[in-house]
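Remarks on the overall topology
One-letter residues, chain by chain:
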Amino acid sequence: MSARDVMATARRITALTGAGVSAASGVDRFTLPSPDHLASAVVRRELWRSWLDDPMWTAEPNAAHRALARLERAGRVRALLTQNVDGLHRRAGSTAVELHGSVARVVCVDCGAGASVEWALAEVRGGADEPRCPLCGGVVRPAAVAFGEPLAEEVLRAARAAALDCDVLLVAGTSLAVEPAASLVGLAVRAGAALVVCNLGPTPYDGVAAAVVREPVERSLPELVAVPVVASGPVRTWGDPSTW
């Protein structure tokens, strides 16, 4: 079965995306150091300086982001789960579940107050060693999951529900090497979803996939989204009460 055949009958799709989806936008993987490293004022100062010119701040959604947004507007997307923190899915118009948070916002580690990353970067450009919370003066960091930190429980719960409640899991631009995101694939397959993997390199789940596409996602996703939908039987997943 080809990826086009799977997509032709897909009506309740959960998409799982990774760094490869943003590669064509010039965005490299963004990694937030561990909390232990972030505890160092020297490390934080160096990080903020290095982030000033990060291409993420000027990147625009590419054809892959826009294709998934079109699929959602067509009413065929159950959920879009992304490991990316660049916010490009949301800017393209998708209602993304950002598994690892987002660098579009910053948060005070002391009082929890939030602000835009534009404000934080402006503080550093204005001469501050690092941005400080305007409310309590505490340390400010991007609102993304740092290395070694767990995902927020409510986010992981929503992601697992989406994996169990779809007829197709569309994986795009990820090697599926990072947990717990990769484990969502096993959940979806065991629940009866057809797996479509769109990634340039191999993944541990290629062997259970209904179809594997080895092309840049900015080319493959628009083509798959454009496949005409054909009539099919009822969608039946573990998330469908009629199957309980």
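Higher on the page you've got the structure.
Residues numbered from 1 in each chain as written. Predicted model: local features only at pLDDT ≥ 70, side-chain atom pairs only at ≥ 80, totals over all residues. Heavy atoms only, no water.

Across the sheet, 6 strands lie side by side as β3-β2-β1-β7-β8-β9; this open sheet has parallel pairing. The two strands at the open ends of the sheet, each matched to only one other strand, are β3 (96–98) and β9 (211–213). Ignoring strand direction, the axes of neighbouring strands in this sheet form an average angle of 15°. The sheet strands contacting helix α5 (residues 63–73) are β1 (13–17), β2 (77–82) and β7 (168–172), and the helix crosses β2 at an angle near 150°. Against the sheet, helix α9 (residues 183–190) engages β1, β2, β7 and β8 (194–198), with an angle of about 155° to β7. (Pairing = 2+ DSSP bridges. Helix = DSSP H or I, 4+ residues; strand = E, 2+ residues; numbered from the N terminus. Axes fitted to C-alpha atoms, helices over the stretch in contact; angles between N-to-C directions. Contact = heavy atoms within 4.5 Å.)

Sheet strands line up and pair through hydrogen bonds in the backbone, either parallel or antiparallel. Spatially, 3 strands are ordered β5-β4-β6 in an open sheet, and the strand pairing comes out antiparallel. The sheet terminates laterally at β5 (114–116) and β6 (140–144), the two strands that pair on one side only. Ignoring which end each strand starts from, the neighbouring axes of this sheet average 45° apart. Two strands pair when backbone bridges link them, and strand β4 (residues 101–108) and β5 are joined in this way by 3 bridges, in the antiparallel orientation. Across the sheet, residue Val107 finds its bridge partner in β5, namely Gly114. Along the sheet face, helix α7 (residues 117–125) touches β4, β5 and β6 and points at about 65° away from the line of β4.

Right, let's talk about the packing of α5 against helix α10 (residues 217–225) for a bit. Where α5 contacts α10, the two axes come as close as 7 Å, and the packing angle between them is 20°. Of the possible angle classes, the one that applies to α5 and α10 is roughly parallel. Seen along the crossing, α5 lies across α10 with a hand that is left-handed. Listed contacts from α10 to Ala63, Ala64, Ala67, Leu68, Arg70 and Leu71 of α5 are Val217, Glu218, Leu221, Pro222 and Val225. (Parallel < 35°, antiparallel > 145°, perpendicular 65-115°, else oblique. Left-handed = near helix turned anticlockwise from the far one by under 90°.)

Attention now moves to the side chain of Ser22. When you line up the elements, Ser22 lands in helix α2 (residues 19–22). For Ser22, a relative accessible area of 1% translates into the label buried. A polar contact is formed between the side chain of Ser22 and the side chain of Asp86, at a distance of 2.7 Å. Once residues lying within four places of it in the same chain are set aside, the contact partners of Ser22 are Val27, Asn62, His65, Asn84, Asp86 and Leu88. (Buried < 20%, exposed > 50% of the residue type's maximum accessible area, 1.4 Å probe, protein only. Polar contact = N/O pair within 3.5 Å; in protein donor to acceptor, adjacent residues only side chain to side chain.)

Glancing now at the pairing of β7. With 5 of its 5 residues buried, β7 lies for the most part within the structure. Side-chain alternation along β7 places Val168, Leu170 and Ala172 on one buried face and Leu169 and Val171 on a second face that is also buried. Here β1 runs beside β7; their pairing, made up of 5 bridges, is parallel. By the bridge assignment, Ile13 is partnered in β7 with Val168. Each parallel crossover has a hand, and for β7 linked through α9 to β8 it is right-handed. (Right-handed = clockwise from strand over helix to strand, strands pointing away.)

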